[in-house]
Amino acid sequence: MKTYLPPKFLVERDQDKCIKCEVCVNQCSFDNHYYDAEDDEMKTRTEGCVGCHRCVTFCPTGALTVRRNPLEYRDNYNWRPEYIEDIIKQAETGGVLLTGMGNDKGQRIYWDHLVLNASQVTNPSIDPLREPMELTTYLGRKPDRVELDTDLNLQTELAPQVKLEVPVMFAAMSYGAVSLNVHESLARAATEAGTLWNTGEGGLHPKLYKYGNNTIVQVASGRFGVHPEYLEVARVVEIKIGQGAKPGIGGHLPGEKVSAEVSATRMIPQGTDALSPAPQHDIYSIEDLAQLVYALKEATHYTKPVSVKIAAVHNSAAIASGMVRAGADIIVLDGLRGATGAAPKVIRDNVGIPIELALASVDTRLRQEGIRNRASIVVSGGIRNSGDVAKAIALGADAVYIGTAALIALGCRLCQQCHTGKCAWGICTTDLFLSKRVNPDIGARRLANLLRGWSLELKDMLGGMGINALESLRGNRLHLRGVGLTETELKILGVKMAGE
Amino acid sequence: MKELERIQNPYNDDKAIDACSIFGAMDTSGKRFSGKGVIRAIANMHDRGNGLGGGFAIYGLYPEYADLYAFHIMYLSQKGKEDVEAFLKEKFRLTHAEEVPTQPTPKITNPPLVWRYFLEVGPQKPEEEADDDYVVERVMEINTKFPDAFVFSSGKDMGVFKGVGYPEEIAEYFCLEQYEGYLWTAHGRFPTNTPGWWGGAHPFCILDWTVVHNGEISSYGINRRYLEQFGYHCTMQTDTEVVAYAVDLLMRKHNLPIEIVAKILASPLWSDIQRLPQREQTLMRTLRQVYGSLLLNGPFTVIIAHHGEMIGLTDRIRLRPLTVGAKGSMLYLSSEESAIRLICPDLDEAWIPAGGEPVVGSLKAPLKTPVAAKEMVSHVD
Ligand code: SF4
Ligand code: SF4
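Residues numbered from 1 in each chain as written. Chains lettered and ligands numbered in written order. Predicted model: local features only at pLDDT ≥ 70, side-chain atom pairs only at ≥ 80, totals over all residues. Heavy atoms only, no water.

**Brief notes about the overall build of chain A**
When its secondary structure is counted, chain A shows 15 helices and 21 strands. Against the compact-globule benchmark of 23 Å for 500 residues, chain A has a radius of gyration of 24 Å, which places it among compact chains. Considering only contacts in chain A between residues 6 or more positions apart, those separated by 24 or more positions represent 69%. Accessible surface, chain A as shown: approximately 21100 Å² in total, 53% of it carbon and sulfur. Measuring between centres, the 55 positive side-chain charges of chain A sit 2 Å from its 57 negative side-chain charges. (Helix = DSSP H or I, 4+ residues; strand = E, 2+ residues; numbered from the N terminus. Rg over C-alpha atoms; globule rule 2.2 N^0.38 Å. Contact = heavy atoms within 4.5 Å. Areas by Shrake-Rupley, 256 points an atom, 1.4 Å probe, with all protein chains shown as cover. Lys, Arg positive; Asp, Glu negative; His and termini not counted. Charge placed at Lys NZ, Arg CZ, Asp CG, Glu CD.)

**Observations regarding the layout of surface pockets**
Residues and elements named next belong to chain A. A volume near 1600 Å³ is recorded for the largest pocket. If you trace the largest pocket, you find 44 residues lining it, with Leu5, Lys8, Glu85, Asp86 and Lys89 closest to the centre. Secondary structure elements with two or more residues in the lining of the largest pocket: helix H3 (81-93) and strand E5 (98-99). Broken down by element, the residue count for the lining of the largest pocket peaks at seven residues, all from H3. Across the lining of the largest pocket, the residue classes break down as 18 nonpolar, 11 polar and 15 charged. Inspection of the lining of the largest pocket shows a minimum of three residues originating in each of domain 1 (9-95) and domain 2 (137-497). (1 Å grid on protein atoms, 1.4 Å probe; cavity = no way out; pocket = protein on both sides within 12 Å on 5 of 7 lines; lining within 4 Å. Points joined across faces, edges and corners; volume = space filled by probe spheres on them. Nonpolar A, V, L, I, M, F, W, Y, C, P; charged D, E, K, R; others polar. Domains from an automatic or database assignment.)

**Observations concerning the nonpolar core**
Judged by nonpolar contacts, the single largest core of 127 residues is most densely connected at Phe23, Phe71, Ile73, Ile142, Leu176 and Tyr291 of chain B. Counting residues per element, this core draws most heavily on helix H7 (residues 239-253) of chain B, at nine residues. In contact with Leu176 of chain B, not counting residues within four places along its chain, are Gly35, Ile39, Phe56, Ile58, Phe161, Ala171 and Trp184 of chain B. If you look at the next biggest cluster of nonpolar residues, it comprises 111 residues, including Phe170, Ala193, Val217 and Trp454 of chain A. (Core = buried A, V, L, I, M, F, W, Y, C linked by side-chain atoms within 4.5 Å. Buried < 20%, exposed > 50% of the residue type's maximum accessible area, 1.4 Å probe, protein only.)

**Some thoughts on helix H4 (residues 180-193) of chain A**
Residues and elements named next belong to chain A. With 14 residues, H4 extends 20 Å from end C-alpha to end C-alpha; this agrees with the ideal 20 Å at 1.5 Å per step. Judged by how many residues are buried, H4 sits mostly within the fold: 11 of 14 residues are covered. The set of residues buried in H4 consists of Leu180, Asn181, Val182, His183, Glu184, Ser185, Leu186, Ala187, Ala189, Ala190 and Ala193. Positive phi appears at Gly194, one or two residues downstream of H4, with a value of about 75°. (Expected span 1.5 Å × (residues − 1).)

**Describing the sheet that holds strand E12 (residues 236-240) of chain A**
Residue and element names in this part refer to chain A. The eight strands lie next to each other as E9-E19-E18-E16-E15-E12-E11-E10, forming an open sheet whose pairing is parallel. Bordering the open sheet on either side are strand E9 (168-170) and strand E10 (197-198), each of which pairs with just one other strand. Taken together, the five bridges between strand E15 (residues 306-311) and strand E16 (residues 330-334) define a ladder with parallel strand orientation. Bridge pairing links Ile310 to Leu333 in E16. (Pairing = 2+ DSSP bridges.)

**Looking at the site of ligand 1**
Around ligand 1 sit Cys28, Phe30, Asn32, His33, Cys49, Val50, Cys52, His53, Arg54, Cys55 and Val66 of chain A, and that is every residue in its neighbourhood. For the shell around ligand 1, the class distribution of residues is seven nonpolar, three polar and one charged. (Near = heavy atom within 4 Å.)

Here you go:
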């Protein structure tokens, strides 16, 4: 069938600059560049370009430009190009539209409507270059009080705690969805920065066991790669109930991505589709969750916190309260903008709620119920910079996960082709030719640099507010103000309007 | 329902912000002394206040009623007084009541009526409840439900005198030179966003806990939310109130000694904790992990007192001043050293404690100069 789909991008080559080295041919995993021997000229099939900038970045002479196709539709606010093109695609394929990465729609991003405070006159700001500034965070269940005997000996023994030097962790991305080199980069960067990375639901390659102390291992509905040693090497075990990009939906790793190594790590036959059921079939209710939480605690001899991750949905506050009561030591909320390796587009863009609102209401509810100390809160889904991190902490988060931001540090340009397995940056693929594009030495460096930059910025912001420890910002919503928000939004966020 | 917040914080700021002078004097041998010196000392720091609040707490004040709860209550109307007195009679056994003596003082205008009551907790209290908890609840009830009344203090054998004016004027008004106590704290206030209100002056008191405070606590938002989980409601919206409730929670309810409480309110740095010997390291780490939300962050100096103890504490990087002086069994704490020297020129020792390092005067460990003072001097940085 002839496709009616117009090209998204135009790739232009300055023939004066081009030296015909064919780097672009090798770099474009979508086969858009080729050498035409007859004309002795480099040429481009523009219709397949996804805008990943791989060729532009690696062209040694800067001969390439990628532009949005200026194709103009007649203005129609309802029938915007995206919706027209989606219909064209479905008319041609008859299938569910799949996509990668996170929701790219215009729902309100509350981070952009929150501003932070700084000290002036009545208290001094603190200069992080000259004064200590503490970001150390411990995740895990805390009791309501500490008991001492008369000789000041500690009588309270805490549940397992995990120390983070910076309150930013790498979010779950499974081996299979991303390459082993990406896993190694994340693991090494987390180890260097004193934080944690998350295996996602596809198991942990034995080569990475040595980073176990900085590793969160996931137990998801497919139970891929879950075995005693996997639980044993980890620092934290995370039960994945849901994911912000596709709440209520399972996962599907196509057989082509299940290479020999992936198959061994996931413990499934090579080349078979890895299907994660939508629910965990042993969890149909909160008491079932409690059983799995305690099964995992038993299996790990109560030495590791057990985390439970859900997608932020309408009743998050009530669900989170149940999770804490079911024994979760850490609860993870993944918001509307959480990303994915593959999800139905309609789910990604329409299901779930903004993480800022979910976080605020969960933190408030747990405090109202007097159980906030019993679990740490981690949020994820669209955290873009240290400003977002500071705001999340002030709303009540103990730490955040970053997934997309970490991949951008590795080269990702958000071309949303993760589900195709053709990622030109070698991130979201198991193709060996492509995945070697992520060099773990360089990848780990770039990721650790990112965390270092954010830490320095967080310290600057803390110092500006006149506080020198992160725990004094955590849940301290008086350091936030809203801009351009309605009364109801302010109420849910628990912040005042700027100027108030 | 009275809206204390409205009175205390009419512009609905995050909290009342103030700067201040603070002073404390304690005879650690328990001998009572007159307030003359303390009044002179706090008056010497006149310029640190702006006349919108001054106050004193005195311990060992009412030996003749030592076993009874002494309530100092201010009234804005006769009706308020009648209502509260009826309430007190209903909830307590009232042993004695009298107006707090005052004298006309030119600078003190429009003073409220201040009375004191000596109360015993009687059979009205539910059996399973502790006396102290019962008293706290009744104080909260008066403060929030009776529009024209406010409880200045509610401890045994102690009392708070405070109001709108410079501290020396308040002292004159309440004739404080005539009283004796073994422990005095004093405060001169410089509020930036709250009008003078008699109830809003320091010391802040609950039971026999008093706090005088200089500073702004930038962690107020989370301190308050943490305390709310334990049933404390910060109706006054001041930093000082947070300190008082935190101390009440930690010392009275969680049974922690003051040295430990100081390590929660001004916790050691993680990097310092890491260098401690194993046992202390675990203790300090646990305290910070559990009570991190009570870390008081931002510039502050507080003098916290209750029967038998006076504690001076600054924030961990000492952004507000505190000087300590010792002479014989006397311990002095002050915003400025000059105020101490004024009333005790021949101090055995004077020093500035390190940030977050508590200075504790205790009847249980009276100072014996010069030995004890020398020991304490080892803290000098
Ligand atoms: S898909 Fe990427 S590599 Fe290929 S032409 Fe487009 S921008 Fe270049
Ligand atoms: S990478 Fe650049 S210079 Fe090399 S062939 Fe392609 S366009 Fe020409």
